[in-house]
Amino acid sequence: MNNMNRNTGFTVIELMVTISIAAILVAVAVPAFSNIIKDNRLTGHLNDFVAAASLARSEAMKTGNRVSMCPKKAADDTCGTNWEGGWIIFVDENADAQKDGGEKVVRVHAPLAGSGITLRGSSDTDKYLSFNSQGLAVNTSATPLTGEMILCDDRKDASAKGIFISGGGSVTHRDVSLVSIKCP
């Protein structure tokens, strides 16, 4: 028996079946992978915000000065209106929760990346967070405050992340079902 003439390899039909199976697997996996990427992006933004608030609080306690953070205006390092545009942490010498000329900037955070990302606060946290020298979260009249925020993407409330700010100054992740504000 002569096996020298026997060809090995794939036939065109076998190759087409393999490519079809691979295409089906990719079609099923890509949408799930997209949600994983979006979930990880939101979690990263949540962690960045909580870390920034913790930095502001520790800086207030370390220096003995009031330290505030506010949404960053796109054009410069002054306070704006949308948290997703980034934020500024600064020593708030006149306790007005606005970055004024001459006030020391502690850190500036870049805008949040991603499709449809929003970060909104309740009435007490929509425009600023301030911490006094004891590390308490306070409003502009130095009264302790509590508040909440919600971080959303284009999937809205289904994937949102909640943030809670206690009067004691801690800023933590909160189950979104416990947050009273909803995604815009």
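Read on for an overview of the structure. (Residues numbered from 1 in each chain as written. Predicted model: local features only at pLDDT ≥ 70, side-chain atom pairs only at ≥ 80, totals over all residues. Heavy atoms only, no water.)

Turning next to empty space enclosed by the protein. Per the stated rule, a full pass over the model turns up one cavity of 30 Å³ or more. Reported here for the largest cavity is a volume of approximately 40 Å³. The wall of the largest cavity is formed by Lys-38, Arg-41, Leu-42, Gly-114, Ser-115, Ile-117, Asp-153 and Asp-154. Looking at the lining of the largest cavity residue by residue, the classes come out as two nonpolar, two polar and four charged. (1 Å grid on protein atoms, 1.4 Å probe; cavity = no way out; pocket = protein on both sides within 12 Å on 5 of 7 lines; lining within 4 Å. Points joined across faces, edges and corners; volume = space filled by probe spheres on them. Nonpolar A, V, L, I, M, F, W, Y, C, P; charged D, E, K, R; others polar.)

Bringing the environment of Ala-97 into the picture now. For Ala-97, the position within the fold is in the loop between β2 (87–91) and β3 (105–109). Here Ala-97 falls in the buried class, since its relative accessible area comes to 1%. Setting aside anything within four residues of it in sequence, one finds Ala-97 in contact with Ser-68, Cys-70, Cys-79, Phe-90, Asp-92, Tyr-128, Ser-130 and Thr-140. (Helix = DSSP H or I, 4+ residues; strand = E, 2+ residues; numbered from the N terminus. Buried < 20%, exposed > 50% of the residue type's maximum accessible area, 1.4 Å probe, protein only. Contact = heavy atoms within 4.5 Å.)

These results come straight from atomic positions and should not be treated as a statement about function.
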